[in-house]
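Descriptive structure summary
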Amino acid sequence: MALLAALVPVVMFAVVLALSRYEDALLPTPDTERERGGVTRPPTKKGPKPAA
């Protein structure tokens with residue numbers, strides 16, 4: 001029983017770390033996108049609109 005009480009916090013900490021890494025992979029931030037060289041949208045043209 002004492003062994004179980006010692007192992008539960010360690011296992012819970014490992015689960016939290018694993019979920020954190022999974023979240024980073026699943027929901028990348030703009031910083032991680034730049035690091036990975038992710039695909040970005042092309043710049044939009046900002047100019048006068050053509051007359052109809």
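None of the values given here were measured: they were computed from a predicted structure.

1. Focus on the overall build of the protein chain
Looking only at helices and strands, the protein chain features two helices and zero strands. Going through the 52 residues of the protein chain one by one, you find that 0% of them count as buried.

2. So, a nonpolar patch on the surface
On the surface, Leu3, Leu7, Val11, Val15, Leu19, Tyr22, Leu26 and Leu27 cluster together to form a nonpolar patch covering roughly 830 Å² of accessible area. Examined against the element boundaries, Leu19 turns out to sit in helix α1 (residues 2-26). Since its relative accessible area comes to 53%, Leu19 is described here as exposed.

3. Digging into α1
Across its 25 residues, α1 extends 37 Å between first and last C-alpha, which sits within 8% of the 36 Å expected from 1.5 Å per residue. Of all 25 residues in α1, zero are buried; the element is thus mostly exposed.

Here is what the cut-offs are and how they apply
- Counting of residues starts from 1 at the beginning of each chain's written sequence and follows it residue by residue.
- Thresholds applied to this predicted model are a pLDDT of at least 70 for local features of residues and 80 or more for the giving and counting of side-chain atom pairs; totals over whole chains, interfaces and linings are not thresholded and use all residues.
- Computation of side-chain values: all heavy atoms of the structure, hydrogens and water removed.
- Labels follow the DSSP assignment, with helices taken as runs of H or I lasting at least four residues and strands as runs of E lasting at least two, numbered in each case from the N terminus.
- Relative accessibility decides the category of a residue: with a 1.4 Å probe and only protein chains considered, values under 20% of the type maximum give buried, values over 50% give exposed, and everything between is partly exposed.
- Like-charged residues within 9 Å of one another, or nonpolar side chains (Val, Leu, Ile, Met, Phe, Trp, Tyr) within 5 Å, are grouped into patches, provided each residue has over 30% relative accessible area and no salt bridge.
- Computed by Shrake-Rupley with a 1.4 Å probe, the accessible areas treat only the displayed protein chains as cover when residues are assessed.
- By definition here, a salt bridge exists when the distance from a side-chain nitrogen of Lys or Arg to a carboxyl oxygen of Asp or Glu is within 4 Å.
- A helix is expected to span 1.5 Å for every residue after the first.

Honestly, it's all geometry; don't read function into it.
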